[in-house]
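Residue-level listing of the chains:
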Amino acid sequence: MKAPALGLLLAALCLLPSRASAQARDSHQLSVYLRGGVSAVLAPSRAMGGLGVGVGLRDVMKGRFILQADVSYLTLLGHVGEVRLGAGVQRGGTWSPAALATVSVLMGDALTTRTENIPRTPRGPAGALGVTLAPLRFCMDGGSCVSVLELGAGYGTDFATAGPSLQIGLMDLGLAF
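Just so it is clear, the model here is predicted, and its values are computed rather than measured.

Draft legend 1. Looking closely at the nonpolar core. Counting 7 residues, the largest nonpolar core is built from Val41, Met48, Leu74, Val80, Leu106, Ala126 and Ala128. Those residues in contact with Met48 that lie beyond four places of it in its chain are Ser39, Ala40, Val41, Leu77, Val80, Leu106, Met107, Gly108, Asp109, Ala110, Gly124 and Ala126. Residues Ile66, Ala98, Leu100 and Ala134 belong to the second largest nonpolar core, which totals 5 residues.

Draft legend 2. View of the pattern of salt bridges. Under the definition given, this model contains 3 salt bridges. Here Arg46 and Asp158 are joined by a salt bridge, their closest N and O atoms 3.6 Å apart. Separated by 112 residues along the polypeptide, Arg46 in strand 2 (residues 46-61) and Asp158 in the loop between strand 9 (145-157) and strand 10 (162-176) bring together distant segments of the chain. The class for Arg46 is buried, based on a relative accessible area of 4%.

Draft legend 3. Summary view of the pairing of strand 7 (residues 126-134). Judged from the 9 bridges that link them, strand 5 (residues 98-108) and strand 7 form a sheet pairing that is antiparallel. Of the residues in strand 7, the one forming a bridge with Val105 is Gly127. As defined by bridge partners, strand 7 adjoins strand 9 across 7 bridges and the pair is classed as antiparallel. In the sheet register, Leu133 faces strand 9, and the bridge partner there is Leu151.

Draft legend 4. Just the pairing of strand 2, in detail. One ladder, built from 15 bridges, connects strand 1 (residues 28-42) with strand 2; its direction is antiparallel. Paired with Ser39 across the strands is Gly50, a residue of strand 2. Two successive antiparallel strands, strand 1 and strand 2, enclose a turn made up of 3 residues. Bridge count for strand 2 against strand 6 (residues 111-112) is 2 bridges, and the pairing is antiparallel. Across the sheet, Ala47 pairs through a bridge with Leu111, a residue of strand 6. Here strand 2 runs beside strand 3 (residues 65-76); their pairing, made up of 12 bridges, is antiparallel.

Rules of the game
- Residues numbered from 1 in each chain as written.
- Predicted model: local features only at pLDDT ≥ 70, side-chain atom pairs only at ≥ 80, totals over all residues.
- Heavy atoms only, no water.
- Core = buried A, V, L, I, M, F, W, Y, C linked by side-chain atoms within 4.5 Å.
- Buried < 20%, exposed > 50% of the residue type's maximum accessible area, 1.4 Å probe, protein only.
- Contact = heavy atoms within 4.5 Å.
- Salt bridge = Lys/Arg side-chain N within 4 Å of Asp/Glu carboxyl O.
- Helix = DSSP H or I, 4+ residues; strand = E, 2+ residues; numbered from the N terminus.
- Pairing = 2+ DSSP bridges.

The following block contains the structure:
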């Protein structure tokens, strides 16, 4: 009777690491990330954005699904603050390319244009909906990631006119906790 009980105990101990890794894949992996890059909304009445840095919080669920939020300070076309939300998917493993749908709001200075069709300069924030691809993204087992050259494009508006929205991430460094 002791031999079968010992066998069951050994079998349970052997299954424990695989059970723990299965639970790790099902759990949330939170990380703080720093990013640097270019973001702009190029509507006909004004251009808003620039080059800058930001900080954000990312949650990777089940090792595949990404939710993130970040804030950035941009300069070149004035002083601009950007708030960006994103949701998407990533490939598992060391090479982890990702695709995200993003929503951005830019607030601050802008380069404005006045024409006969646009007699007044729009005021307030500019918004954008877009898609971001991160083909050169690499992650470690602990969830920390580094990404180089993320490319994003979308549709932006200053709530008076609309035009293209561009995002280029030069570097993204995420540290898991």
